[in-house]
Amino acid sequence: YTAVATDEVDFTDKKVTYSLGGTDADAFAIDATTGAVTLKASSDYESKTSYTFEVIAADATGNQSKQTVTLSVNDLDDGVPVMGASSYTFSYVENQEAGYVVGQVAATDNVAVTGYE
């Protein structure tokens, strides 16, 4: 996410600096010059499903404008599939045709995520 603001009335240098505030501001960093917002640590849907913070734009004279930002965390399938057995052993009669099924394994995935982007 990159915050963007302009200051057409500032009589000094018309530059805007950015900072963060609000509930979850400590989880993020912002480049004071470019407004680029980054996470300080990896996020996990199972721990926190969304973050809310404020982007504060200020000019050289101290005038400020605030914008609330909500970041939703998408749940990914981060669970490992579980095999049905710790090992499998199969045998078959020689000279079978191509495509002959020599055995079948099974695994389950108990995470209820049905898609991802």
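Residues numbered from 1 in each chain as written. Predicted model: local features only at pLDDT ≥ 70, side-chain atom pairs only at ≥ 80, totals over all residues. Heavy atoms only, no water.

1. Section: the overall build of the protein chain
Then step 1. Looking only at helices and strands, the protein chain has zero helices and seven strands in total.
Then step 2. Starting at the N terminus and ending at the C terminus, the protein chain contains elements arranged as β-β-β-β-β-β-β.
Then step 3. Expressed as a percentage of its 117 residues, the buried residues of the protein chain come to 19%.
Then step 4. Long-range contacts, defined as pairs at least 24 residues apart, comprise 48% of the intrachain contacts of the protein chain with a sequence gap of at least 6. (Helix = DSSP H or I, 4+ residues; strand = E, 2+ residues; numbered from the N terminus. Buried < 20%, exposed > 50% of the residue type's maximum accessible area, 1.4 Å probe, protein only. Contact = heavy atoms within 4.5 Å.)

2. What about the side chain of aspartate 24?
Then step 1. Mapped onto the elements of the fold, aspartate 24 is located in the loop between strand S1 (17-21) and strand S2 (28-30).
Then step 2. With residues near it in sequence (within four places) discarded, aspartate 24 still touches Lys48, Ser50, Tyr51, Thr52 and Phe53.

3. Quick look at a negative patch on the surface
Then step 1. A cluster of acidic side chains, namely Asp44, Glu46, Asp77, Asp78 and Asp109, defines a negative patch on the protein surface.
Then step 2. Along the chain, aspartate 44 falls in the loop between strand S3 (37-39) and strand S4 (50-58). (Patch = residues over 30% accessible without salt bridge, like charges linked within 9 Å, V, L, I, M, F, W, Y side chains within 5 Å. Areas by Shrake-Rupley, 256 points an atom, 1.4 Å probe, with all protein chains shown as cover. Salt bridge = Lys/Arg side-chain N within 4 Å of Asp/Glu carboxyl O. Lys, Arg positive; Asp, Glu negative; His and termini not counted. Charge placed at Lys NZ, Arg CZ, Asp CG, Glu CD.)

4. Things to note about the pattern of salt bridges
Then step 1. Here the structure, examined in full by the defined rule, presents one salt bridge.
Then step 2. Across the pair aspartate 24 and lysine 48 runs a salt bridge, and its minimum N-O distance is 3.5 Å. A residue pair is termed long-range when its members are at least 10 positions apart, and aspartate 24 in the loop between S1 and S2 and lysine 48 in the loop between S3 and S4 qualify at 24 residues.
Then step 3. For aspartate 24, a relative accessible area of 14% translates into the label buried.

5. Notes on the packing of aromatic side chains
Then step 1. One pass over the structure, following the stated rule, counts four aromatic pairs.
Then step 2. Centre to centre, the rings of phenylalanine 28 and tyrosine 51 are 5.4 Å apart; their planes meet at 85 degrees, and the pair counts as edge-to-face. Of this pair, phenylalanine 28 sits in strand S2 while tyrosine 51 sits in strand S4; the two residues are 23 residues apart in sequence, bridging distant segments of the chain. Each of the two residues, phenylalanine 28 as well as tyrosine 51, counts as buried.
Then step 3. A ring pair is formed by tyrosine 88 and phenylalanine 90, whose centres lie 6.1 Å apart and whose planes are at 15 degrees; its orientation type is stacked.
Then step 4. Counting every residue linked through ring pairs, the aromatic cluster contains Phe28, Tyr51 and Phe53.
Then step 5. Looking at lysine 48, its charged tip hangs above the ring of tyrosine 51, at a distance of 5.4 Å from the centre. (Phe/Tyr/Trp six-rings, centres within 6.5 Å; stacked < 30°, edge-to-face > 60°. Lys NZ or Arg CZ within 6 Å of the ring centre and 35° of its normal.)

6. Re a nonpolar patch on the surface
Then step 1. On the surface, Met83, Tyr88, Phe90 and Val105 cluster together into a nonpolar patch covering about 360 Å² of accessible area.
Then step 2. Topologically, tyrosine 88 is positioned in the loop between strand S6 (82-83) and strand S7 (107-108).
Then step 3. We classify tyrosine 88 as partly exposed; its relative accessible area is 31%.

Shape is all these values report; function is a separate question.
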